[in-house]
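What the coordinates show
Single-letter residue listing:
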Amino acid sequence: MDFTLTETQTLIRDTARKVAREVVAPQARAVDREERFPKEVYTQLGELGLLGVNVPEAYGGAEAGVVSYALAMMEISAACASTSVGMAVTNMAAELICTYGTEEQKKKHVTALVSGRAVAGAFALSEPHAGSDAGALRTSATRKGDRWVLNGAKQWITSGAYAGVMVVWARTSSEGNKGLSCFIVEGGTPGLIVGRAEDKMGLRGSNTVPLTFESCEVPLENLLGREGDGFKLAMVALDGGRIGISAQACGVARAALEASVRYAKERKAFGQPIAEFQGLRWMMADMQTRLSAAELLCLRAAQLKEAKRPFSREASMAKLFCSETSNWVCDRAVQIHGGYGYIDEFPVERYLRDARVQTIYEGTSEIQRLVIAREIFKAVGA
Ligand SMILES: Cc1cc2nc3c(=O)[nH]c(=O)nc-3n(C[C@H](O)[C@H](O)[C@H](O)COP(=O)(O)OP(=O)(O)OC[C@H]3O[C@@H](n4cnc5c(N)ncnc54)[C@H](O)[C@@H]3O)c2cc1C
């Protein structure tokens, strides 16, 4: 097994690290405090190929693969998770359209997404009564002449107020999961109403909104994939998306650990740097060990997806372990900072708030366990 990065992977990681350190990190605190959607940063990420890392060059992407994407996500997330969640969703929407879209859809919408022209992409699956149980969604799409007409409500849509291109799930028949279809809806389409942004515990610079569709019409050619294939498209997109959230979790955890090490070297108690206390050194050793295990799980899932091998179980294991590790590491980081960990003079309180949602979105930890268990029962015969 070769753990060496290729030239392309190194280049993408270094590119992401540079913009993360020079542009994203310096404004992360303000983005969080002022709940400021970092719109201009997405333009820059688009110019650097970071909004379509695993998208073919023919549609404006970097065509650098899934491992590169995970590495880029880790770097941007270490600087600002509010920024990286929008990056993740944009990559996810672009990849989904690339995989299932017609040539016209790819030329029009994928190029807009990865260049940053669309600002960001959005992924509108969840509804007020249907999160984990996505198959229970009620938004409807009805054919009327040369249009699809959408009606219904979506909840928790990341970048929803800014996204130029959205992938939206709606029911085209009453046949359970087989009655779901996926549509491309452009931001600003009449009948698409953006609600008040949620006031969140973390990721406060990310925009999270409810969306209402009131007789929102899109052309027939905006159906993505085949009618009735929507549930499959959602599951495929979420499998890949979980690699992105795993990488986000690793990035935030790494930032928390590094902040803790720096702080422990400077802060003195009982006449010596707190870094000298064995209790804290062991804590940091455990943080690093869990973080390294998380990174390996994340990159393993990415490598399987890149090799076009089954990766559903690995993506869920990565999402489960990385997100729980991130929460644990960030909690320890606050502890190491003592009282200063609890105020916003140091970034670790933000890391902890940002990490909290990672065990919830793109499938809760309970749903990941459900997927993992299903896969192991499938694999091990009687
Ligand atoms: C900041 C943020 C951003 C988001 N962005 C998006 C987005 O861009 N697009 C989008 O579509 N959605 C988005 N979501 C929604 C997110 O994916 C859902 O919140 C998540 O899937 C959980 O759904 P729920 O909130 O309805 O919880 P529920 O599904 O109501 O779950 C409640 C509890 O029950 C547990 N539970 C449910 N089913 C089972 C089961 N079968 N076995 C065991 N336990 C179970 C859950 O694990 C959880 O603990 C976002 C959410 C947040 C908070």
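Each value, and the rule that gives it
All residue numbers refer to position in the chain's written sequence, counted from 1. Residues qualify for local features only when their pLDDT is at least 70, as the model is predicted, and side-chain atom pairs are given and counted only at 80 or more; totals for whole chains, interfaces and linings, by contrast, use all residues. A molecule or strand has a residue near it when that residue's C-beta atom, placed from backbone coordinates, lies within 6 Å of it. Segments assigned H or I by DSSP are reported as helices when at least four residues long, segments assigned E as strands when at least two residues long, and all are numbered from the N terminus. Each residue is assigned to one of three groups, with Ala, Val, Leu, Ile, Met, Phe, Trp, Tyr, Cys and Pro labelled nonpolar, Asp, Glu, Lys and Arg labelled charged, and all others, Gly among them, labelled polar. For the purposes of this description, domain bounds are those given by an automatic or database domain assignment. C-beta atoms are first placed from the backbone for all residues, and any pair lying within 7 Å is then listed as a contact. Exposure criterion: with C-beta atoms placed from backbone coordinates, a residue whose C-beta has 20 or more other C-beta atoms within 10 Å is buried, one with 12 or fewer is exposed, and one in between is partly exposed. The directions considered for the arc run from the helix axis to the C-beta atoms. Note on terminology: a nonpolar core is any set of buried Ala, Val, Leu, Ile, Met, Phe, Trp, Tyr and Cys residues joined through C-beta atoms within 7 Å. Interaxial angle, 0 to 180 degrees, is taken between N-to-C directions of lines fitted to C-alpha atoms, where a helix line uses only the stretch in contact. Oblique is the label for any angle not under 35 degrees, not over 145, and not in the 65 to 115 range, which are roughly parallel, roughly antiparallel and roughly perpendicular in turn. In this scheme the handedness of a crossing depends on how the near helix is turned from the far one: anticlockwise by less than a right angle means left-handed, clockwise means right-handed.

1. Some details on the site of the ligand
Contacts to the ligand come from 23 residues, most closely from Gly131, Ser132, Thr158, Thr364 and Glu366. At the level of elements, strand S1 (121-124), strand S3 (147-158) and helix H11 (365-379) are the ones that each hand at least two residues to the shell around the ligand. For the shell around the ligand, the per-class residue count stands at 12 nonpolar, 7 polar and 4 charged. In this structure, the shell around the ligand is formed jointly by two domains, domain 2 (123-230) and domain 3 (231-379), each of which donates at least three residues.

2. A look at the domain arrangement of the protein
Many analyses report the size of an interface as the accessible area lost when the parts associate. We note that the domain assignment places domain 1 (7-119), domain 2 (123-230) and domain 3 (231-379) within the protein. The centre of domain 1, based on its C-alpha atoms, is set 20 Å off from the matching centre of domain 3. Tallying the contact residues gives 22 residues for domain 1 and 23 residues for domain 3. Contributing elements (two or more residues each) for the side of domain 1 that touches domain 3: helix H2 (28-33), helix H4 (65-79) and helix H5 (81-100). The leading source of residues in the side of domain 1 that touches domain 3 is H4, at 11 residues. Classifying every residue of the side of domain 1 that touches domain 3 gives 14 nonpolar, 4 polar and 4 charged.

3. Overview of the environment of proline 56
Inspection of the secondary structure puts proline 56 in the loop between helix H3 (39-47) and H4. Residue proline 56 is classed as partly exposed on the basis of its 14 C-beta neighbours within 10 Å. Between the C-alpha atom of proline 56 and that of valine 110, which follows or precedes it by 54 residues, the distance is 9.9 Å. If we skip the residues at most four places from it in the chain, proline 56 touches Gly61, Glu63 and Cys98.

4. Focus: H3
The complete set of buried residues in H3 reads Val41, Tyr42, Leu45 and Gly46. Down the axis of H3, the buried set is contained in an arc of 145°. They therefore lie on one face. Every exposed residue of H3 that faces more than 90 degrees away from the buried side is listed here: Glu40 and Glu47. Close packing links the buried residues of H3 with helix H1 (7-24), H5 and helix H6 (103-115). Just beyond H3, the residue with positive phi is glycine 49, at close to 85°.

5. Re the nonpolar core
Among the nonpolar cores identified, the biggest contains 123 residues, and Ala70, Ala93, Phe183 and Cys298 are the most heavily contacted of them. Broken down by element, this core gets its largest block of residues, 16 residues, from helix H7 (residues 230-266).

6. Looking at the packing of helix H9 (residues 312-336) against helix H10 (residues 348-356)
Between H9 and H10, the least distance of the axes is 9 Å, while the angle of their chain directions is 160°. The pairing of H9 with H10 is recorded here as roughly antiparallel in orientation. As for how H9 packs across H10, the hand of that crossing is left-handed. The segment H9 lies against H10, with Ser326, Asn327, Cys330, Asp331, Ala333 and Val334 engaging Val348, Glu349, Tyr351, Leu352, Ala355 and Arg356. Grouping the amino acids of the contact of H9 with H10 by side-chain chemistry returns 7 nonpolar, 2 polar and 3 charged.

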